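Spelled out from the first residue to the last, the chains are:
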Amino acid sequence: MAWNTEMVSLLRYVINDTDTLTQEYSDTRLKSLIVTAAQLTLGVVDFPRDYTIDIANIAISPDPTTSKDNGFVNLVILKAACLLATGDYRSATNKGVVIRDGPSTID
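Residues numbered from 1 in each chain as written. Predicted model: local features only at pLDDT ≥ 70, side-chain atom pairs only at ≥ 80, totals over all residues. Heavy atoms only, no water.

*Asks:* Can you explain the overall build of the protein? Please cite residues and give values.
*Replies:* Secondary structure summary: the protein contains 3 helices and 4 strands in total. The order of α-helices and β-strands along the protein, N terminus first, is α-α-β-β-α-β-β. Within the protein, the proportion of its 107 residues that are buried is 27%. A separation threshold of at least 6 residues defines the contact pool for the protein, and within that pool the share at least 24 residues apart is 53%. (Helix = DSSP H or I, 4+ residues; strand = E, 2+ residues; numbered from the N terminus. Buried < 20%, exposed > 50% of the residue type's maximum accessible area, 1.4 Å probe, protein only. Contact = heavy atoms within 4.5 Å.)

*Asks:* Quick one: what's the story with helix α2 (residues 27-42), residue by residue and with numbers?
*Replies:* Here α2 is 16 residues long and its end C-alpha atoms lie 22 Å apart, about the 22 Å a rise of 1.5 Å per residue gives. For α2, the complete set of buried residues consists of Leu-30, Leu-33, Ile-34, Val-35, Ala-37, Ala-38 and Thr-41. (Expected span 1.5 Å × (residues − 1).)

*Asks:* Which residues make up the pattern of salt bridges, and what values go with them?
*Replies:* Scanning the entire structure with this criterion turns up 2 salt bridges. A salt bridge links Arg-12 to Asp-17, with the shortest nitrogen-to-oxygen separation between them at 2.7 Å. Overall, the relative accessible area of 6% leaves Arg-12 in the buried class. Take Asp-17: its relative accessible area is 6%, and that puts it in the buried class. Among the ionic pairs, Arg-12 bridges to Asp-27, the shortest N-O distance being 2.7 Å. Here Arg-12, found in helix α1 (residues 3-14), pairs with Asp-27, found in helix α2; they are 15 residues apart in sequence, far enough to count as distant. Put simply, Arg-12, Asp-17 and Asp-27 are held in one network by salt bridges that share partners. (Salt bridge = Lys/Arg side-chain N within 4 Å of Asp/Glu carboxyl O.)

*Asks:* Explain the packing of α1 against α2 to me, and be specific about the residues and the numbers.
*Replies:* Axis separation between α1 and α2 bottoms out at 10 Å; the angle between their running directions is 95 degrees. On the basis of their axis angle, the class for α1 and α2 is roughly perpendicular. Along the contact surface, α1 presents Trp-3, Asn-4, Met-7, Val-8, Leu-11 and Arg-12, while α2 presents Asp-27, Leu-30, Lys-31, Leu-33, Ile-34 and Val-35. Along the lines of polarity and charge, the residues of the contact of α1 with α2 split into 8 nonpolar, 1 polar and 3 charged. (Axes fitted to C-alpha atoms, helices over the stretch in contact; angles between N-to-C directions. Parallel < 35°, antiparallel > 145°, perpendicular 65-115°, else oblique. Nonpolar A, V, L, I, M, F, W, Y, C, P; charged D, E, K, R; others polar.)

*Asks:* Can you break down the environment of Leu-33 residue by residue, with the values?
*Replies:* For Leu-33, the position within the fold is in helix α2. Residue Leu-33 is classed as buried on the basis of its relative accessible area, which comes to 15%. Once you skip the residues sitting within four places of it in the chain, Leu-33 turns out to touch Leu-11, Ala-80, Leu-83 and Leu-84.

*Asks:* How would you explain the packing of aromatic side chains if you had to name every residue and give the values?
*Replies:* Scanning all chains against the criterion turns up 2 aromatic pairs. Aromatic pair Tyr-51 and Phe-72: ring centres 4.1 Å apart, planes at 20 degrees, arrangement stacked. Taken together, the residues span a long stretch of sequence, with Tyr-51 in the loop between α2 and β1 (52-54) and Phe-72 in helix α3 (residues 70-93) at a distance of 21 residues. For Tyr-51, a relative accessible area of 9% puts it in the buried group. What makes Phe-72 buried here is its relative accessible area of 0%. Members of the aromatic cluster, joined through ring pairs, are Phe-47, Tyr-51 and Phe-72. (Phe/Tyr/Trp six-rings, centres within 6.5 Å; stacked < 30°, edge-to-face > 60°.)

Given below as structure tokens:
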């Protein structure tokens, strides 16, 4: 199984987006998020293997799922989930409502 199916499935479970009828995020978006998270993780952690991240072509080589590099897979999935949660949090805060009526404020 290639990284782009196994890691997407793992990420879907972590973010609770497993319902096949009403998935919130497309596979393409999650693959792009995983590749971005992999790039950011490589800058912080040294792994036993050297990975090449191609953000433009959404690729990771060598495939971390065939070599069973669980440390890389798990850290990248967790980083991707954190990036997604941060983005959702920021967009949710922009939807807030503030009502002012004289000296009274409802936020």
